[in-house]
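Summary of structural features
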Amino acid sequence: MSADRTTAVFSGRRVAPSILSADFSRLGAQVGEVMHAGARVIHVDVMDGHFVPPITIGPLIVSAIADQVHGEGGALDVHLMIERPAEQVAEFAKAGADCITVHAEADAHSHRTLAAIREAGCLAGLAINPGTPPETAAQLDGAADLLLCMTVNPGWGGQAFIESSPGKIARLAELSPRPMIEVDGGIDATSVSAVADAGASLFVAGSAIFGADEPAEAYRKIAEAAGAQ
């Protein structure tokens, strides 16, 4: 997918279902279900067992769903919660990622890595953990297309939303008015409106969607509460 088309998919408010919480025995069906309900950004949480304790998925899963997501007019939002993320950029881009986000805390050379992501034809995202001040991301906003503010400590789905997060997002939006702001962690139909009002426009939701009996209906409720497309 071209960078212009990817930017168009990410524009406006979007809810991004995270496949971390999906049933992998029927991953394609579940991705299809939420995309038919209106989702256009599918979030992929990659964890290495080092930067965060769990180990999750890699480029093979991205490749497995890339044609399906792109065929529905969607984009793949890959969130690297890993050490040495620069070493994996090329593989995820080759697998079909449209946006690749790395953590400021995991990469001493984030500026260079963000440039490499853009050179690979993807949107470049920079993530910060709850304990990292927004000023850290703001210093690199010109190198990033997207700033991701974690609203839980990374590593596991289903965690409770950190209640002070909207204030941090508002500060991030004040410091960095240009890039898109994404939020990830504890997002559901109850918490999403506060982060939307604070300035976020991309809302990652995993267990609140795929942990529900009807993922498509859960997606619609969160999108409605967020004022998302």
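Since we're looking at a predicted model, the values are computed, not measured. (Residues numbered from 1 in each chain as written. Predicted model: local features only at pLDDT ≥ 70, side-chain atom pairs only at ≥ 80, totals over all residues. Heavy atoms only, no water.)

**A closer look at the overall build of the protein chain**
Here is the rule we go by: In DSSP terms, a helix is any run of H or I states spanning at least four residues, a strand is any run of E spanning at least two, and both are numbered starting from the N terminus. For the radius of gyration, the atom set is restricted to C-alpha positions; the globular benchmark scales as 2.2 Å times the number of residues to the power 0.38. Type-normalised accessible area, obtained with a 1.4 Å probe on protein chains alone, sets the label of each residue: buried when under 20%, exposed when over 50%, and partly exposed for intermediate values. Any pair of residues with heavy atoms lying within 4.5 Å of one another is described as a contacting pair. In these tables, accessible area is a Shrake-Rupley quantity obtained with a 1.4 Å probe, and a residue counts as shielded only by the protein chains included in the view.
Each helix and strand counted, the protein chain has 10 helices and 8 strands in total. Computed over C-alpha atoms, the radius of gyration of the protein chain comes to 16 Å, within 12% of the 17 Å expected from 2.2 N^0.38 for 229 residues, which places it in the range of a compact globule. Projected onto its principal axes, the C-alpha positions of the protein chain cover 40 × 35 × 35 Å. Relative to its 229 residues, the protein chain shows a buried fraction of 54%. Taking all contacts inside the protein chain whose residues are at least 6 apart in sequence as the whole, residues at least 24 apart take part in 66%. Carbon and sulfur atoms make up 49% of the accessible area of the protein chain, which totals about 9,200 Å².

**Topic: the pattern of salt bridges**
Any two side chains of opposite charge can pair, given that their charged atoms come close. Which entries qualify depends on this criterion: Throughout this description, the term salt bridge denotes a Lys or Arg side-chain nitrogen within 4 Å of a carboxyl oxygen of Asp or Glu.
Scanning the entire structure with this criterion turns up 7 salt bridges. Two residues, E174 and R171, come together in a salt bridge whose shortest N-O distance is 3.2 Å. Note that E174 and R171 are positioned in helix 7 (residues 165–175) at a spacing of 3 residues, about one turn of the helix. Using a relative accessible area of 56% as the deciding quantity, one classes E174 as exposed. If you follow the salt bridges from partner to partner, you end up with E135, R171 and E174 in one network.

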